[in-house]
4 protein chains.
Amino acid sequence: MSAAQAPGLAGYSDEVREEVARVREVVARLHAELPRWELVVWTAGNVSQRLTTADLFVIKPSGVTYDELTPESMVVCTLDGELVDGTRSPSSDTAAHAYVYRHMPQVGGVVHTHSTYATAWAARGEAVPCVLTMMADEFGGDVPVGPFALIGDDSIGQGIVETLSGSRSPAVLMRNHGPFTIGADAKAAVKAAVMVEEVARTVHISRQLGEPTRIPQEQIDSLYDRYQNVYGR
Amino acid sequence: MSAAQAPGLAGYSDEVREEVARVREVVARLHAELPRWELVVWTAGNVSQRLTTADLFVIKPSGVTYDELTPESMVVCTLDGELVDGTRSPSSDTAAHAYVYRHMPQVGGVVHTHSTYATAWAARGEAVPCVLTMMADEFGGDVPVGPFALIGDDSIGQGIVETLSGSRSPAVLMRNHGPFTIGADAKAAVKAAVMVEEVARTVHISRQLGEPTRIPQEQIDSLYDRYQNVYGR
Amino acid sequence: MSAAQAPGLAGYSDEVREEVARVREVVARLHAELPRWELVVWTAGNVSQRLTTADLFVIKPSGVTYDELTPESMVVCTLDGELVDGTRSPSSDTAAHAYVYRHMPQVGGVVHTHSTYATAWAARGEAVPCVLTMMADEFGGDVPVGPFALIGDDSIGQGIVETLSGSRSPAVLMRNHGPFTIGADAKAAVKAAVMVEEVARTVHISRQLGEPTRIPQEQIDSLYDRYQNVYGR
Amino acid sequence: MSAAQAPGLAGYSDEVREEVARVREVVARLHAELPRWELVVWTAGNVSQRLTTADLFVIKPSGVTYDELTPESMVVCTLDGELVDGTRSPSSDTAAHAYVYRHMPQVGGVVHTHSTYATAWAARGEAVPCVLTMMADEFGGDVPVGPFALIGDDSIGQGIVETLSGSRSPAVLMRNHGPFTIGADAKAAVKAAVMVEEVARTVHISRQLGEPTRIPQEQIDSLYDRYQNVYGR
């Protein structure tokens, strides 16, 4: 559906329209974190957040540079990825975000980047081994690899959901493609995108000169449990 | 021809002079993208754009730092690389840009950098293999290598044109030298310069710890076709 | 103890309260050095400084981003790591800082980061060999590795103190975790955190293409002595 | 000699005092290029420029951070490295700069950094091979390695002068230490410091995945001659 035909938010309650306005600001602002942490170049990468008041989510429009991103330019889609409100087409990755929201109700935010080190592991189809306490805290183990999937249907979304459903990790490295991350909201998913690149880089560098020592599973469990429950997230 | 002897734009129509003024602004502004994406150090690297109203193009002057680049300092040359308007000498790479414009009429913008990872592949004379969906989208396959060529005659321009004429890629890695990129306009060529460094870096890093998986040609074709035609560029 | 129950500084002298105010500013400002030198992402990393007028230290609160750090948000703890003053919980690394202050009276500042290259050496459990005059100056030899230790008790603090007590180095690489650094005050500890990442990176890169030449011990001693005594620090 | 005992510029002509004022500004401003191009961390690295009106040079004071560098804080020394004017002690590398000025009269600027990739080659004691046209242009061949030398006498200065006297290169990699660069003035020496790090990085990265192709000597000569003479510098 082209942006000109978008039905708009007229049929939704004031509460929904107010949440859309707030989430547009949040999502626009969080996009600035992607170049700040050097996760994207040019217009690559996108952030979305699901509404709590309706089955909708807010996502980046397609092909807009990071300098031009404003709350108003963010677009609103249904959980089937159909454009509801906005003056531009949604990101070409919208179908993958929508699939995640439809199949993982606990997820409130999704991020996709091509961050360099995470994508480098993805191009080899290799999981990042858990050799850092920071990984045990944040990912609860290895960062897993998802299948090779072409854009255009639900393949990418299915690959993300299948891989993350069997993992503590909020990040999946889609083969030959790049990382997708999830969280309770968009901010948590952005944090996971920052952290997955950081651990992908650190473990890569460590392995360049030898084999880093894996943390025993019992201690990974202990660290993960403490970080998620005692320390709070 | 020295800058003092430049004939100027007096013999051209108002329409041409107006396009020159617009393109000088575009080209000056796009130069700022080169240090922003860390593609250049000091004064290395140059961007040009061809006019649509005359057989002229606008390019960076020689030896000026990125802090000093203004629309006024940009110079105008014929498609033979002769200076037409400007108070400084054109970039020492002007002959290569001019050769491309003479022999590839569909090209409206050319960029040259010595960006680190692309130049590292160029120093080994090795093409960047297509192992990322982002490469299939943007380059339609491997990023090819062009011949070793000395500056001073048309050798560099010939090497660019011969290599890119047989390729979907908008980027060529000139041996022992660095990348040249082309596009419908200068912005598209700058995007290609940003993307070639990004994929050169990501594939380099991936290969440091093993062999990344090549994407099958059929799927490269599918991704390229979709990105160039369906998604729009 | 939760922040709401913090006893506050009412029982301390004016002199102590004045030092707390000054040190809160110093510690807040020094946190900005961590992202500046690319030692941390997101909210990772923390700086503390011990008071000279009381057995207290000032440290970063938990889970606050670097953009939000103000002198007021810094928290004050006893040398047992108990919160004395502040509206937020102290960093989850507070127990390690406190242990260092209790057992190394000459230490006035402690810094912890997960800086990439230092953490990469830590993940392999490998000391950084002294192959740079800059390392001889600042570290007086290799940068040592500390034990693997879980957060939650004094294990990390003990590992830091045992390793640094037998070394000239102000930095220890805690296995699978990251660097901790010490100094006469927080600024000196931040400098050591910057320098340990720099030498970890430079020696890593040097070793990627061969074996760097170790500096003979006698010359390390001579450089260290001069830098610490003649040149001043 | 301590700063308090510096004799000052009272015995020099107005012309000299005016040049000192100008060169203090130039040298202070050029120091900002070192962190800008990521050649230094903390207070490492220094730039100097020789006067044309007297046997004096202007250099960075010791231990001052880059944020605090002002024209007034720069110090003036004789070609024997004795402090003439300034409120702080000269850089601890002053003796090496002074030795270069005494023995290479054509040199008007000297720069020293510990930039990462150049220092990594220096730690292995390995010259950077000429595999890039940019290296042929700027360095006229390989970037040479100088001897291991301790600070405190003329050893470093001698090593620089001996190595560069037999080379076209304006940069020498002092073993286990880092690069020193020279130029007709401080700006040219800073440019050489930027370029030596750039080529050290690019050739390092190229060699990580194979052997870059050396440029034949005849073509190096042709490129160097053109760049230095025809194109101008």
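Procedures and definitions
Residues numbered from 1 in each chain as written. Chains lettered and ligands numbered in written order. Predicted model: local features only at pLDDT ≥ 70, side-chain atom pairs only at ≥ 80, totals over all residues. Heavy atoms only, no water. Least-squares fit on C-alpha atoms with pLDDT ≥ 70 in both. Contact = heavy atoms within 4.5 Å. Salt bridge = Lys/Arg side-chain N within 4 Å of Asp/Glu carboxyl O. Helix = DSSP H or I, 4+ residues; strand = E, 2+ residues; numbered from the N terminus. Polar contact = N/O pair within 3.5 Å; in protein donor to acceptor, adjacent residues only side chain to side chain. Nonpolar A, V, L, I, M, F, W, Y, C, P; charged D, E, K, R; others polar. Buried < 20%, exposed > 50% of the residue type's maximum accessible area, 1.4 Å probe, protein only. Axes fitted to C-alpha atoms, helices over the stretch in contact; angles between N-to-C directions. Parallel < 35°, antiparallel > 145°, perpendicular 65-115°, else oblique. Left-handed = near helix turned anticlockwise from the far one by under 90°. Phe/Tyr/Trp six-rings, centres within 6.5 Å; stacked < 30°, edge-to-face > 60°. Lys NZ or Arg CZ within 6 Å of the ring centre and 35° of its normal. Buried area = accessible area lost by both parts, 1.4 Å probe. UniProt positions renumbered as here; feature names shortened; annotations may be inferred. Pairing = 2+ DSSP bridges.

1. Here we look at the relation of the copies chain A and chain C
For the pair chain A and chain C, the relating rotation is 90 degrees, the translation along its axis is 0.0 Å, and the fit reaches an RMSD of 0.0 Å. Put plainly, the chains are arranged around a four-fold axis. Minimal C-alpha distance to the rotation axis in chain A is attained by Q208 of chain A, lying at 5.3 Å. In this assembly the copies use different faces: only 3% of the residues contributing to the interface of chain A also contribute to that of chain C.

2. Digging into the pattern of salt bridges
Per the stated rule, a full pass over the model turns up 44 salt bridges over all chains. Put simply, R102 of chain B and D154 of chain B hold a salt bridge, and the shortest N to O gap is 3.5 Å. Residue R102 of chain B is found in helix α3 (residues 94-103), and its partner D154 of chain B is found in the loop between β6 (145-146) and α6 (155-165); the two are separated by 52 residues along the sequence. One network of salt bridges, with partners in common, ties together D80, R102 and D154 of chain A.

3. Description of the interface of chain A and chain C
With 29 residues of chain A in contact, the opposing surface of chain C contributes 24 residues. Run the count over chain A and chain C and you get zero salt bridges. Between chain A and chain C we count eight residue pairs in polar contact (both at pLDDT 80 or more) in total. Mapped onto the side of chain A that touches chain C, the elements with two or more residues apiece are α2 (33-36), α5 (133-139), α7 (186-208) and α8 (217-230) of chain A. Residue contributions to the side of chain A that touches chain C peak at eleven residues, all from α7 of chain A. Class assignment of the residues belonging to the side of chain A that touches chain C gives a composition of 13 nonpolar, eight polar and eight charged.

4. Digging into the environment of D154 of chain A
Residues and elements named next belong to chain A. Since its relative accessible area comes to 30%, D154 is described here as partly exposed. The sequence separation of D154 and A98 amounts to 56 residues, and the corresponding C-alpha distance is 9.3 Å. Those residues in contact with D154, other than ones at most four positions away along the chain, are A95, Y99 and R102. One polar contact links D154 to R102, side chain to side chain, over a distance of 3.4 Å.

5. A few points about the packing of helix α4 (residues 116-124) of chain A against helix α7 (residues 186-208) of chain B
In the contact formed by α4 of chain A and α7 of chain B, the axes pass within 8 Å of each other and the chain directions differ by 60 degrees. On the basis of their axis angle, the class for α4 of chain A and α7 of chain B is oblique. For α4 of chain A against α7 of chain B, the interelement crossing comes out right-handed. On the side of α4 of chain A, the interface is formed by T116, Y117, T119, A120, A123 and R124 of chain A, while α7 of chain B contributes E198, R201, T202, I205 and S206 of chain B.

6. Concerning the packing of aromatic side chains
To describe a pair of aromatic rings, one takes the distance between the centres and the angle between the planes. Counted according to the given criterion, the structure contains four aromatic pairs over all chains. Measuring from ring centre to ring centre gives 5.0 Å for F57 of chain A and Y101 of chain A, while their planes differ by 45 degrees; the resulting arrangement is tilted. Remark: Y101 of chain A occurs in helix α3 (residues 94-103) and F57 of chain A occurs in strand β2 (residues 56-59); sequence separation between them is 44 residues. Residue F57 of chain A is classed as buried on the basis of its relative accessible area of 0%. Its relative accessible area of 0% is what places Y101 of chain A among the buried residues. The ring of Y66 of chain D carries the charged tip of K60 of chain D above its face, separated from the ring centre by 5.7 Å.

7. Description of unusual backbone geometry
Backbone geometry places E38 of chain B, a non-glycine residue, at a positive phi of 60 degrees. With respect to the element layout, E38 of chain B can be found in the loop between α2 (33-36) and β1 (46-50). For E38 of chain B, a relative accessible area of 53% translates into the label exposed. A positive phi angle, near 60 degrees, is found at N176 of chain D, a position not held by glycine. Tracing the backbone shows N176 of chain D in the loop between β7 (171-174) and β8 (178-183). According to the relative accessible area criterion, N176 of chain D is buried, its value standing at 5%.

8. A closer look at the environment of A171 of chain A
All names here are of chain A. Turning to its location among the elements, A171 is positioned in strand β7 (residues 171-174). In sequence terms A171 and A6 are 165 residues apart; their C-alpha atoms lie 32 Å from each other. A171 has contacts with F139, V143, P144, L164, F180, T181 and V196, leaving out every residue within four places of it along the chain.

9. Let's talk about the interface of chain C and chain D
Contacts between the two partners involve 29 residues from chain C and, on the opposite side, 24 residues from chain D. Between chain C and chain D, roughly 2,600 Å² of surface is buried when both sides are summed, and carbon and sulfur atoms account for 63% of that area. The interface formed by chain C and chain D includes zero salt bridges. Counting across the interface, chain C meets chain D through eight residue pairs in polar contact (both at pLDDT 80 or more). At the level of elements, α2 (33-36), α5 (133-139), α7 (186-208) and α8 (217-230) of chain C are the ones that each hand at least two residues to the side of chain C that touches chain D.

10. Quick notes on the side chain of E33 of chain C
Mapped onto the secondary structure, E33 of chain C falls in helix α2. A distance of 2.8 Å separates the side chain of E33 of chain C from the side chain of W37 of chain C, its partner in a polar contact. If we skip the residues at most four places from it in the chain, E33 of chain C touches V190 of chain C together with W42 of chain D.

11. As for the UniProt feature "domain: Class II aldolase/adducin N-terminal" (unreviewed entry) in chain A
As recorded in UniProt, the feature "domain: Class II aldolase/adducin N-terminal" (unreviewed entry) lies at residues 25-204 of chain A. The span residues 25-204 of chain A carries 37% helix and 18% strand; its end-to-end C-alpha distance comes to 35 Å.

12. Examining the side chain of T43 of chain D
By secondary structure assignment, the location of T43 of chain D is in the loop between α2 (33-36) and β1 (46-50). Apart from residues no more than four positions distant in its own chain, T43 of chain D is found in contact with K60, G63, V64, T65 and Y66 of chain D.

13. A word on the sheet that holds strand β4 (residues 83-85) of chain A
All names here are of chain A. Read across the open sheet, the eight strands follow the order β4-β3-β2-β1-β5-β8-β7-β6; overall the sheet is mixed. Strands at the two margins of the open sheet, each flanked by one partner only, are β4 and β6 (145-146). Here four bridges tie strand β1 (residues 46-50) to strand β5 (residues 109-112), and the two strands are oriented antiparallel to one another. Residue pairing in the sheet places N46 in a bridge with H112 of β5.

14. Some details on the sheet that holds strand β4 (residues 83-85) of chain D
All names here are of chain D. Taken in spatial order, the eight strands of this open sheet run β4-β3-β2-β1-β5-β8-β7-β6, and their pairing is mixed. The sheet terminates laterally at β4 and β6 (145-146), the two strands that pair on one side only. Of the pairings in the sheet, the one linking strand β3 (residues 75-78) to β4 comprises two bridges and is antiparallel in character. The residue of β4 that forms the bridge with C77 is L83.

15. A few points about the environment of R24 of chain B
Residues and elements named next belong to chain B. Turning to its location among the elements, R24 is positioned in helix α1 (residues 14-31). Looking at R24, the relative accessible area reads 12%, which means it is buried. R24 sits 52 residues away from V76 along the chain, and the two C-alpha atoms are 8.6 Å apart. Residue contacts for R24: discarding those within four places in its chain leaves V58, P71, E72, M74, V75, V76, D85 and G86. Polar contacts involving the side chain of R24 include one to the main-chain carbonyl oxygen of M74, which spans 3.0 Å.

16. Observations concerning helix α6 (residues 155-165) of chain D
Those residues of α6 of chain D that fall on the buried side of the exposure criterion are I156, G157, G159, I160, V161, T163 and L164 of chain D. Of the surrounding secondary structure, the elements contacted by the buried residues of α6 of chain D are α3 (94-103), β6, β7 and β8 of chain D.

17. Structural notes on α4 of chain A
Buried residues dominate α4 of chain A, accounting for nine of its nine residues. Taken as a whole, α4 of chain A has its buried residues at T116, Y117, A118, T119, A120, W121, A122, A123 and R124 of chain A. Next to the buried residues of α4 of chain A lie β7, β8 (178-183) and α7 of chain A together with α7 of chain B. Just downstream of α4 of chain A lies G125 of chain A, where phi reads positive at about 70 degrees.

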